[in-house]
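Spelled out, the chains give:
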Amino acid sequence: MVAAVLGGLLAARASAQPAPATAPAAPGEPPAAAVPAQDPPAGAPAPPPPRAVLSPRVEIHGFVSEGAFVETANDYFGSTSRAGLELFEAGINLSTEVTDRLRAGLQLFTRDLGSIRDPSPRLDWAFLDYRWRRWLGVRAGIVKMPFGLYNEYADIDAARLPILLPSSVYPIRDRDVLLSHTGFGLYGSYTLGRGGELEYQAWLGTLTIPRTALQLTGGASLDSVNTRYVTGGQLFWRPPIDGLRLGATFVRASIDFHVGLDAALVAALVAAGLAPMGYDGKLLIAQRPVRFLVGSVEYIHGDWLFAAEYSRWLTHQRSSLPALSPMFDRDSEKLYAMATYRVAPALEAGGYYSVFHLDVDDMPVAHPGPFDGFQRDLAATLRLDVNDHWLWKLEAHFMDGTASLPSEFNSHPDRYWGMFLLRTTVTF
Amino acid sequence: MRPGTLRFVVAAVVSWLGLVLASAAGGPDYKVIVHPDNPVTEVDRAFLRDAYLRKASVWDSGEPIRPIDLAARFPVRERFAQDVLRKNPSQLRNYWNQQIFSGKGVPPPEADSPASVVAYVLANPGAIGYLPVDTDTGRARVVGVK
C-alpha cells in the first residue's frame with residue numbers, strides 16, 4: 001500500500017531533488033521575450049523555451065549511503081570484526097506546504113552500523129510546522145532536537161564533510177536518542193539592526209530510547225524506558241560579520257530505565273548478600289536529571305569553514321540496587337575544533353581534533369581502565385562530489401583512549417588505534 | 001614584529017581593502033525583479049538572503065514570498081549566491097541538504113531560463129527573481145538592491 005502510493009508520487013515528481021521544478025508560466029500570461037544574451041557558458045546549448053510546470057506541492061527526497069571501514073585495533077562499531085561493510089544508512093522523506101505558512105512532512109530512516117542497526121525503518125521525524133511570523137513558529141510531532149551546531153543534521157552525510165562527526169559532542173551511539181524528540185518546539189529569528197541577528201529555539205517533549213541504549217551484562221534485560229521529559233533551548237547570535245555565528249544550547253532530561261534480572265542472577269545476588277531476601281529482580285536506574293550544555297562557534301569565510309564546540313554533560317544517576325548498578329554524579333567534558341577547505345569545486349578537505357573526558361572528576365567507578373576515561377581523536381577527511389547527487393568520502397582517525405568504545409565488544413582495548421573509512425552517498 | 005612580517009600584514013590589509021573597495025564600486029551583475037503589482041521599489045541583501053534561504057516567508061504586505069532560482073548552468077546564479085547568500089556552491093548544497101533532510105524546507109523552484117524567471121514572476125504576485133543584467137524583463141519590475 002505504502003509502496004504503491006510512494007511509487008505513484010515518485011512517478012509524478014520524478015525530478016524531485018534539492019533544486020525543484022521549473023518555473024510556471026501563468027495561464028494566459030504571454031511568454032516573456034527575455035533571452036540569456038551572454039550569461040550561459042560558451043558552447044552551452046541554448047536553454048529550452050519556458051514551459052508551464054506547477055510549483056511543487058509534494059517533495060520527495062532521499063539518500064542512500066554505504067561504506068567500509070578498517071580498524072587497526074578495537075571494535076568501534078561492535079561488528080565483531082576490524083573491517084567491514086556495515087556502514088549503511090538510508091532515508092526517504094515526504095514534505096508538503098499545506099498552506100503558505102504550514103508545512104508537514106515525515107522521514108523514514110534505517111541504518112546498519114555494526115551493532116547499531118534498525119531492524120526495520122523507523123520514523124526519524126514527522127511534524128507539522130507553522131511559521132506565524134519570522135520571529136515565531138511552532139513545530140509539533142517528532143521534531144529534530146537542536147543541539148550544538150550539527151545535531152539536527154547528524155544523519156545527513158551529504159550535508160557535511162566528515163563521515164563521523166566529532167564523537168565527543170556527537171557520539172554515534174547516542175544518535176538515535178538525541179536526534180529528535182516527541183513534543184513541541186518554538187523557533188524564530190529576530191533582527192537586531194546593526195547588532196546582527198538572533199536565532200532561537202525552545203522545546204519540550206519526550207525521548208525515544210532504543211533498547212540498545214543501555215549497556216547490560218548477561219542476565220539483565222531492559223524492560224522499558226520512561227523519559228519523563230526532555231526540554232531545552234538554543235540561542236545563536238549572528239553578529240554583523242559575514243559567516244560568523246556564536247551560540248549556546250541547554251538540554252535537560254529525566255530518564256528512568258526499568259531493568260529485569262533473571263532468576264539465576266537474582267539468586268546469585270541474594271546469595272552474595274548484594275540483594276535482600278525476596279528480591280523480585282526489578283531494577284530501576286534513574287538518570288534525573290541529565291543536563292547538557294554546549295557552547296558553539298562557527299565561521300565561514302570563502303571556501304573555509306572553522307567550527308569549535310565545548311560541552312559539559314552532567315548526569316545524576318541513582319539505582320534501586322547500588323551493588324549492581326552504580327550511583328554517581330558524572331561531569332563529562334567534550335570539545336573539538338574543526339577546519340574545512342574547498343580545494344576545488346568538487347573537492348573538499350578538512351579535519352578536526354576532538355577530546356572526550358568521561359568524567360572531569362576522574363571517578364574510578366566510571367572508568368576502571370587506565371585509558372577508558374578519555375578519548376582524543378585526530379581526524380582528516382577528503383570529499384569528492386561527482387555531481388550534485390553523488391559523493392565519495394575518505395576519512396582517517398588516529399585515536400588515543402577508548403572512552404567511546406562499546407565495552408561489551410572491547411574487553412581488552414588498545415590505547416592507541418586507528419580507523420579508516422570510505423563512504424559513498426547518493427541523494428535525490 | 002619583524003619588518004618582513006610587518007610588510008606582509010600591511011600588504012594583506014591593503015589587498016583586502018582594495019578588494020572591498022573594488023566590489024563596492026561596481027554594482028551587482030544581476031538584477032532583481034518582482035511582480036508589477038508589488039509596491040516594493042528596493043530590497044536589501046539581508047531580505048534577499050532570507051527570502052532565498054526560505055527564512056522569510058511573507059512580504060510586508062502579507063503576500064507570500066515566492067523566490068525563483070535560475071538553473072545552475074547560468075553563471076549569474078553562483079554570483080548571486082556569493083553576493084547575496086554568502087555561500088559558495090558546495091556550502092549552498094550543504095545548506096539545502098540540511099534543510100531538506102531535517103524537514104525544515106526545500107529550495108526555491110528552479111527556472112531553466114531567464115525567460116522562465118520572468119514568466120514565473122509575472123504569474124505570481126509574491127514572486128521575486130534575479131536575472132543577468134542584460135536580460136529583457138518584460139512587464140516585470142526591476143527593484144534596486146542596497
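In case you missed it, the structure is sitting above this.
Residues numbered from 1 in each chain as written. Chains lettered and ligands numbered in written order. Predicted model: local features only at pLDDT ≥ 70, side-chain atom pairs only at ≥ 80, totals over all residues.

A.B. asks: Pulling in residues and values, what's your account of the overall build of chain B?
C.D. replies: A count of helices and strands for chain B gives five helices and six strands. In chain B, the order of α-helices and β-strands from amino to carboxyl end is α-β-β-α-β-α-α-β-α-β-β. The 146 residues of chain B split such that 47% are buried. Of the contacts formed within chain B by residues at least 6 apart in sequence, a portion of 67% connects residues at least 24 apart. (Helix = DSSP H or I, 4+ residues; strand = E, 2+ residues; numbered from the N terminus. Buried ≥ 20, exposed ≤ 12 C-beta atoms within 10 Å, placed from the backbone. Contact = placed C-beta atoms within 7 Å.)

A.B. asks: Please set out the overall build of chain A residue by residue, giving values where relevant.
C.D. replies: A tally of regular secondary structure across chain A gives three helices and 18 strands. Every one of the 428 residues in chain A was classed for burial, and the buried ones make up 37%. Counting only contacts in chain A whose residues sit at least 6 apart along the sequence, the fraction spanning at least 24 positions is 60%.

A.B. asks: Run through the environment of A:N93, naming residues and quoting values.
C.D. replies: Relative to the helices and strands, A:N93 is located in strand β3 (residues 88-97). On a C-alpha basis, the gap between A:N93 and A:Q107 in space is 4.0 Å, while along the polypeptide they are 14 residues apart.

A.B. asks: How would you explain the sheet that holds strand β2 (residues 42-43) of chain B if you had to name every residue and give the values?
C.D. replies: Residue and element names in this part refer to chain B. In spatial order, the strands read β2-β6-β1-β5-β3-β4; together these six strands make up an open sheet with mixed pairing. Strand pairing shows two members of the sheet lacking a second neighbour, β2 and β4 (110-111), which therefore form its edges. Sheet topology note: the strand β1 (residues 30-34)/strand β6 (residues 141-145) ladder contains three bridges and is antiparallel. Within the sheet, the bridge partner assigned to V32 lies in β6 and is V143. Lying over the sheet, helix α5 (residues 114-123) contacts β1, β3 (66-70), β4 and β5 (127-132), oriented at roughly 155° with respect to β5. (Pairing = 2+ DSSP bridges. Axes fitted to C-alpha atoms, helices over the stretch in contact; angles between N-to-C directions.)

A.B. asks: Describe the pairing of strand β8 (residues 180-191) of chain A, with residues and values.
C.D. replies: Residues and elements named next belong to chain A. The pairing of strand β7 (residues 136-144) with β8 spans eight bridges and is classified as antiparallel. Bridge pairing in β8 places K144 opposite S180. Relative to strand β9 (residues 197-207), β8 runs antiparallel, the two sharing 11 bridges. Considered in β9, the bridge of Y190 is made with L198. From the end of β8 to the start of β9, which pair antiparallel, there are five residues, and G193 there has a positive phi angle of about 70°.

A.B. asks: Describe α5(B), and please don't skip the residues or the numbers.
C.D. replies: Residues and elements named next belong to chain B. Most of α5 sits inside the fold, with 10 of its 10 residues counted as buried. Buried within α5 we find P114, A115, S116, V117, V118, A119, Y120, V121, L122 and A123. For α5, the secondary structure elements touched by its buried residues are β1, β3, β4 and β5.

A.B. asks: Describe the pairing of strand β10 (residues 220-238) of chain A, and please don't skip the residues or the numbers.
C.D. replies: In this sheet, β10(A) lies alongside β9(A) in antiparallel orientation, the contact comprising nine bridges. Bridge pairing in β10(A) links A:A202 to A:G233.

A.B. asks: How would you explain unusual backbone geometry if you had to name every residue and give the values?
C.D. replies: Following A:R288, the chain continues to A:P289 via a peptide bond in cis, the omega torsion being -5°. Even without being glycine, A:N74 reaches a positive phi, approximately 65°. Position of A:N74 among the secondary structure elements: in the loop between β1 (58-71) and β2 (83-84). In this structure, B:R54 is a non-glycine residue whose phi angle is positive, near 60°. For B:R54, the location among the structural elements is in the loop between α2 (45-52) and β3. We classify B:R54 as partly exposed; it has 17 C-beta atoms within 10 Å.

A.B. asks: I'd like to hear about the nonpolar core, residue by residue, with values.
C.D. replies: Counting 95 residues, the largest nonpolar core has B:I33, B:V117, B:V118, B:Y120 and B:V121 as the members making the most contacts within it. In terms of residue count, α5(B) provides more of this core than any other element does, eight residues in total. (Core = buried A, V, L, I, M, F, W, Y, C linked by C-beta atoms within 7 Å.)

A.B. asks: Describe the environment of B:P64, with residues and values.
C.D. replies: Tracing the chain through its elements places B:P64 in the loop between α2 and β3. Note on B:P64: 15 C-beta atoms within 10 Å, which makes it partly exposed. Taking C-alpha positions, B:P64 is 26 Å from B:Q91, a pair spaced 27 residues apart along the chain. If we skip the residues at most four places from it in the chain, B:P64 touches A:D100, B:S57, B:V58 and B:G126.

A.B. asks: Any details on helix α3 (residues 75-85) of chain B? Residues and values, ideally.
C.D. replies: Residues and elements named next belong to chain B. All of the buried residues along α3 are V76, R77, F80, A81 and V84. Angular distribution of buried residues about the axis of α3 spans 140°; they occupy a single face of the element. Close packing links the buried residues of α3 with β1, α2, β3, α4 (89-101) and β5. (Arc of directions from axis to C-beta.)

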